[in-house]
Amino acid sequence: MVKIGLLGLGTVGSGVCEILSEKKSAIEEQTKKTVEISKILVNDLEKNRNPIVDRKVLTDNPSDILDDPDIDIVVELIGGIEPAHTYITRALENGKHVVTANKAVLSHDFLGLTNLAKKNNRGILFEASVAGGIPIIKPLKELIKFNKIKEIKGILNGTTNFILSKMIEEGLDFKEALVLARKVGFAEADPTDDIEGYDAARKISILSSIAFGYNVTFEDVDCRGITSISAFDIDFFKKLGLTIKLVGSAYSNDLDFDASVEPVLLNTNSIMANVNDAFNIVSIDGDVVGNLQFYGQGAGKNPTGNAVVTDIIDIINGEFNPIDIERRRKPSNTPKILSNYYLRIFLESQKESDFILKTINKYKLKYRLVKGEESLVLILQNISRQEINNLIENLEIKGRSCYARINSEDYCFIQELNLESFNELVV
Ligand code: HSE
């Protein structure tokens, strides 16, 4: 008998209870053990619950789980950094294995928690923390056995991908698409973490730590969300044959490391551009295996519950080898990656456009330009992320501009096909 203590009984927790009950015999066959949820930590003991849950196992005292010597595996599904960090630490110190879906706590202290698990000879597995139902952590651990990973990137947030899909397909503006995302249950009451890119930043930091072999935290990721993208921009992207996505990427070699989350323009025919609604994709480049892409549902009760239960089975079967997060030295250098950027500015006056162009000329940049009555659109060539961030600051156009990196392989595509629509080329 394996006894599970569940911390949290929200959507995913409820999914885990259902899967453990419905797939009982398959799980017993896989593990040769009976798996039982013996306690569940909840905030409110009186609340109406999924009928599959036996109310007798509910508790509002974390110690009933963390300090119970009979509990073998603690499944942490409460999210956030605290008290989750304290609970996970106490569970590992008390000799329990941990399964967690909590990207916030992992991107905060990946090294500390994985080292603590190693020290106590226990497992900490977290397949559900990145890209929900897509098995990505386990395949990545396999890949790094002898592949050197140069780049890892993907659409890692379902809510923003749903919002952008609706803006593109149905011509909604950002606010309307956000309302719809709330209505169908993707966006949270407070959607900040999703729309500002923080959720995707946490996920790319976890993937990077495993892929590159050094500790990458949330703070290491240069992060920008999708709130500035307007229906005007979406129309413009369509004319260029491009699709906008919120992409998390991380790049590393022995000298350089860079991680970011930002809106990226992709060729409409590319694989990533066709990942729609709440789906996620992760793309990995290994030196031996080449490019791999993992696609699937990035959130939701069953996909995420599936990842949690798979981790529980792996723990029971002893498949929880520690990851060596300090197998490489973290490069101190951030590479100056030059890209092409779409920049749109809604003008406050016609006069302003001269001032903006004069300022941009000081940067000695090449660009193509479309001047409108009320807007200015530029395709800036060979500018780094740091430079364009500075430019936006200096021009004081933050609330009325939108900028997005054009994926390098797709820039030649717009150059060939669509740049005749630009009325000025400045070189
Ligand atoms: N809010 C997240 C998303 C949930 O939209 O992808 C899954 O991590």
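Relevant structure appears above.
Fair warning: this is a prediction, and the values are worked out from it, not measured in the lab.

1. Looking at unusual backbone geometry
For step 1, the next point in the chain: The residue after glutamate 82, namely proline 83, is reached through a cis peptide bond having omega 10 degrees.
For step 2, the next point in the chain: Structurally, proline 83 can be placed in the loop between β4 (73-76) and α4 (84-93).
For step 3, the next point in the chain: Unlike most non-glycine residues, alanine 131 shows phi in positive territory, near 60 degrees.
For step 4, the next point in the chain: In this fold, alanine 131 is placed in the loop between β6 (124-125) and α6 (137-143).
For step 5, the next point in the chain: With relative accessibility at 0%, the residue alanine 131 sits in the buried group.
For step 6, the next point in the chain: In this structure, glutamate 396 is a non-glycine residue whose phi angle is positive, near 50 degrees.
For step 7, the next point in the chain: Looking at the secondary structure, you find glutamate 396 in the loop between α14 (385-395) and β16 (401-406).
For step 8, the next point in the chain: In this structure glutamate 396 comes out as exposed when scored by relative accessible area, which is 67%.

2. Some thoughts on the pairing of strand β14 (residues 366-371)
For step 1, the next point in the chain: Where β14 lies against strand β15 (residues 375-384), six bridges are found, and the strand directions are antiparallel. Across the sheet, residue arginine 368 finds its bridge partner in β15, namely isoleucine 379.
For step 2, the next point in the chain: The antiparallel hairpin formed by β14 and β15 contains three residues in its connecting segment.

3. As for the nonpolar core
For step 1, the next point in the chain: One finds Ile136 and Ile152 to be the most contacted residues of the largest nonpolar core, which totals 80 residues.
For step 2, the next point in the chain: At eight residues, the largest contribution of residues to this core is made by helix α10 (residues 198-212).
For step 3, the next point in the chain: Setting aside chain neighbours within four positions, we find isoleucine 136 in contact with Glu127, Val130, Ala131, Leu207, Val282, Ile284 and Phe294.
For step 4, the next point in the chain: One finds Ile40, Val42, Ala101 and Ala128 within the second-largest nonpolar core, a separate group that totals 31 residues.

4. Observations concerning the sheet that holds strand β3 (residues 58-59)
For step 1, the next point in the chain: Read from one edge to the other, the open sheet built from six strands follows the order β3-β2-β1-β4-β5-β6, with strand pairing classed as parallel. Strands at the two margins of the open sheet, each flanked by one partner only, are β3 and β6.
For step 2, the next point in the chain: Bridging between strand β5 (residues 97-100) and β6 involves two bridges; their strand directions are parallel. Its bridge partner being in β6, valine 98 is matched across the sheet by isoleucine 124.
For step 3, the next point in the chain: Here helix α1 (residues 11-22) sits on the sheet and contacts β1 (2-7) and β2 (35-41); the angle it forms with β2, its principal contact strand, is near 160 degrees.

5. A look at the site of the ligand
For step 1, the next point in the chain: Around the ligand, the neighbouring residues are Lys103, Asn157, Gly158, Thr159, Asp194, Asp199, Lys203, Gly298 and Ala299.
For step 2, the next point in the chain: Between the ligand and glycine 158, the relevant distance is 2.8 Å, taken from an oxygen atom to a main-chain nitrogen or oxygen of the residue.
For step 3, the next point in the chain: Take threonine 159: an N or O atom from its side chain is 2.6 Å from an oxygen atom of the ligand.
For step 4, the next point in the chain: If the ligand stood free it would expose 260 Å²; the protein chains cover 82% of that surface.

6. Observations regarding the packing of helix α7 (residues 158-170) against helix α8 (residues 174-183)
For step 1, the next point in the chain: Taken N-terminus to C-terminus, the directions of α7 and α8 make an angle of 125 degrees; their axes are 9 Å apart at the nearest point. Judged by the angle between their axes, α7 and α8 are oblique. Both α7 and α8 take part in a crossing whose hand is right-handed. Contacts from Phe162, Ile163, Lys166, Met167 and Glu170 of α7 reach α8 at Phe174, Ala177, Leu178, Leu180 and Ala181.

About the thresholds
Residues numbered from 1 in each chain as written. Predicted model: local features only at pLDDT ≥ 70, side-chain atom pairs only at ≥ 80, totals over all residues. Heavy atoms only, no water. Helix = DSSP H or I, 4+ residues; strand = E, 2+ residues; numbered from the N terminus. Buried < 20%, exposed > 50% of the residue type's maximum accessible area, 1.4 Å probe, protein only. Pairing = 2+ DSSP bridges. Core = buried A, V, L, I, M, F, W, Y, C linked by side-chain atoms within 4.5 Å. Contact = heavy atoms within 4.5 Å. Axes fitted to C-alpha atoms, helices over the stretch in contact; angles between N-to-C directions. Near = heavy atom within 4 Å. Polar contact = N/O pair within 3.5 Å; in protein donor to acceptor, adjacent residues only side chain to side chain. Areas by Shrake-Rupley, 256 points an atom, 1.4 Å probe, with all protein chains shown as cover. Parallel < 35°, antiparallel > 145°, perpendicular 65-115°, else oblique. Left-handed = near helix turned anticlockwise from the far one by under 90°.

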